[in-house]
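Understanding the architecture of this molecule
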Amino acid sequence: MMHLKINGKEAEFAATTIAELLAEQGIDPKARFLAVAVNGAVVRRAEWLRASLAAGDSVEIVRPFQGG
Amino acid sequence: MTDPLVIAGTTFSSRLIAGTARFPNQQVMLDALQASGAELVTASIRRISLEGYSGSLIDLLGDKYRILPNTAGCVTARDAILTAELAREALDTNWVKLELIGDRELLYPDVEQLVHAADELVRKGFIVLPYCNDDPVSCQKLADVGCAAVMPLGSLIGSGMGIANPTAIELICSRSPVPVVLDAGIGTASDAAQAMELGCDAVMIDTAIAKSHDPVRMAAAMRAAIEGGRLARLAGRIPKQRFAEPSSPQLGLVGS
């Protein structure tokens, strides 16, 4: 298990890649309109299977919502 | 008559940019957007809920409208830039409505950070439409760093107070090298018409439609007002004068 900060919440995760992390959260990595950043830098969707996570990483998982 | 709005080389037949927030429900939002005639609609970028991920509202809009993601709520250039980059990835668009808030109660723009973030985003290849002050100098600085349009506020976001300083908006419109989109403060249709009469190229409206008693009808009203205001602007209003000028002929008056 690895200590990560996901959308501002710190917890232990088994995932070692972004694709695994999304799956662990019940998010379909193929869902449209998702975006992920690790430590303040966007990780492109094409990299999600390969991009490995390190202990202490801060991950943002976002999508569009209503807005003005 | 064709009179398209052109922003960064993209042509729009509608001069209304619609927000998607604060509607009573999803169906009313969809019906109101339809009635508004808007082609460009705004969205925010937010963290997904880790406790129950479900489909996004944007799933319904994405194929029908061009989405303009915003950086609403961001208070630092760094967060706004990351939000824009996440939006680009999520929505496959390099357009961004850049908001950098300097005061959380007033939602007033932080011009210093705004110009800095706009400059950086333009360099990164974004089409930047900044929400900004109703101040010709700020607007000029934003155009100078390469913003594709400027979006000066009419009055405070969500206030419905209309255009607080019409003289400033008219000045901005007369000098701006890029399209001017009146953003924030619209309360009712006459405000939107006034924006167009002052020379704005488009109007951005969310709350005034979404929180009206009948959002679908108000969307139609805004559409008509913007079209009317634009026509009046193109037609050219008569000068104001401080004396009367009879409209009926002076000669041939009965009894004279």
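Computed from a predicted model, the values in this text were never measured in an experiment.

Here we take up the overall build of chain A. Scanning chain A from N- to C-terminus turns up 1 helix and 5 strands. Taken from N to C terminus, the helices and strands of chain A fall in the order β-β-α-β-β-β. On C-alpha atoms alone, chain A measures out to a radius of gyration of 12 Å, which is about the 11 Å that the 2.2 N^0.38 rule sets for 68 residues. Looking at the 68 residues of chain A, the share that counts as buried comes to 29%.

All names here are of chain B. One finds Leu 98, Val 181, Ala 192, Cys 200, Val 203, Ile 205 and Met 222 to be the most contacted residues of the largest nonpolar core, which totals 99 residues. Take this core: its biggest share by element is 9 residues, from helix H3 (residues 77-91). Ignoring anything within four residues of it in the chain, the contact list for Ile 205 reads Leu 16, Ala 18, Gly 19, Ile 186, Ala 192 and Met 222.

Among the secondary structure elements, Asn39(A) is positioned in the loop between strand E3 (35-38) and strand E4 (41-43). Judged by the 13 C-beta atoms lying within 10 Å of it, Asn39(A) is partly exposed.

Before going further, it helps to spend a moment on the interface of chain A and chain B. In this assembly, 24 residues from chain A lie in contact with 29 residues from chain B. Looking at the side of chain A that touches chain B element by element, the count peaks at 7 residues for strand E5 (residues 58-66) of chain A. Considering only residue class, the side of chain A that touches chain B consists of 11 nonpolar, 7 polar and 6 charged.

Attention shifts here to the sheet that holds strand E9 (residues 127-132) of chain B. For sheets, the rule is that strands pair by backbone hydrogen bonds, running either parallel or antiparallel. All names here are of chain B. Spatially, E6-E9-E10 is the arrangement adopted by the 3 strands of the open sheet, whose pairing is parallel. One side of each edge strand has no neighbouring strand; the edge strands of this open sheet are strand E6 (95-98) and strand E10 (151-152). In terms of strand pairing, E6 meets E9 through 4 bridges, oriented parallel. Its bridge partner lying in E9, Lys 97 is registered against Leu 129.

What follows deals with the packing of H3(B) against helix H4 (residues 111-123) of chain B. Residue and element names in this part refer to chain B. Between H3 and H4, the shortest axis-to-axis distance is 9 Å and the interhelical angle comes to 35 degrees. Both H3 and H4 take part in a crossing whose hand is right-handed. Residues Ala 77, Ala 80, Ile 81 and Ala 84 of H3 form the contact with H4, whose participating residues are Gln 113, His 116, Ala 117, Glu 120 and Leu 121.

Take the environment of Ala195(B) next. Looking at where Ala195(B) falls in the secondary structure, it is placed in helix H7 (residues 189-197). Sequence separation between Ala195(B) and Leu30(B) is 165 residues; the distance between their C-alpha atoms is 25 Å.

Attention shifts here to the pairing of strand E2 (residues 9-13) of chain A. Residues and elements named next belong to chain A. Sparse coverage of E2 is indicated by the burial of 0 of its 5 residues. As paired strands, strand E1 (residues 2-6) and E2 are joined by 5 bridges and run antiparallel to one another. For His 3, the partnering residue across the bridge sits in E2 and is Glu 12. The turn linking E1 back onto E2 is made up of 2 residues, and Asn 7 within it adopts a positive phi angle of 45 degrees.

With that settled, the discussion passes to unusual backbone geometry. Residues and elements named next belong to chain B. Even without being glycine, Asp 92 reaches a positive phi, approximately 55 degrees. Note on placement: Asp 92 falls in the loop between H3 and E6. A positive phi angle, near 55 degrees, is found at Leu 107, a position not held by glycine. Looking at where Leu 107 falls in the secondary structure, it is placed in the loop between strand E7 (101-103) and strand E8 (108-109).

Residues and elements named next belong to chain B. Here helix H9 (residues 215-235) is 21 residues long and its end C-alpha atoms lie 30 Å apart, about the 30 Å a rise of 1.5 Å per residue gives. Those residues of H9 that fall on the buried side of the exposure criterion are Pro 215, Val 216, Met 218, Ala 219, Ala 221, Met 222, Arg 223, Ala 225, Ile 226, Gly 229 and Arg 230. Next to the buried residues of H9 lie strand E3 (16-18), helix H1 (26-36), H7, strand E12 (202-205) and helix H8 (207-210). Downstream of H9 by a residue or two, Gly 236 has a phi angle that is positive, lying close to 90 degrees.

This brings us to the pairing of E12(B). Residue and element names in this part refer to chain B. Residues Ala 202 and Met 204 line one face of E12 and the alternating positions Val 203 and Ile 205 line the opposite face, and both faces are buried. In the sheet, E3 pairs with E12 via 3 bridges, with the strands oriented parallel. Within E12, the residue paired with Ala 18 across the bridge is Ile 205. Here 3 bridges tie strand E11 (residues 181-183) to E12, and the two strands are oriented parallel to one another. Paired with Asp 183 across the bridge in E12 is Met 204. In terms of handedness, the path from E11 via H7 over to E12 forms a crossover that is right-handed.

Cut-offs used in this document
Residues numbered from 1 in each chain as written. Chains lettered and ligands numbered in written order. Predicted model: local features only at pLDDT ≥ 70, side-chain atom pairs only at ≥ 80, totals over all residues. Helix = DSSP H or I, 4+ residues; strand = E, 2+ residues; numbered from the N terminus. Rg over C-alpha atoms; globule rule 2.2 N^0.38 Å. Buried ≥ 20, exposed ≤ 12 C-beta atoms within 10 Å, placed from the backbone. Core = buried A, V, L, I, M, F, W, Y, C linked by C-beta atoms within 7 Å. Contact = placed C-beta atoms within 7 Å. Nonpolar A, V, L, I, M, F, W, Y, C, P; charged D, E, K, R; others polar. Pairing = 2+ DSSP bridges. Axes fitted to C-alpha atoms, helices over the stretch in contact; angles between N-to-C directions. Left-handed = near helix turned anticlockwise from the far one by under 90°. Expected span 1.5 Å × (residues − 1). Right-handed = clockwise from strand over helix to strand, strands pointing away.

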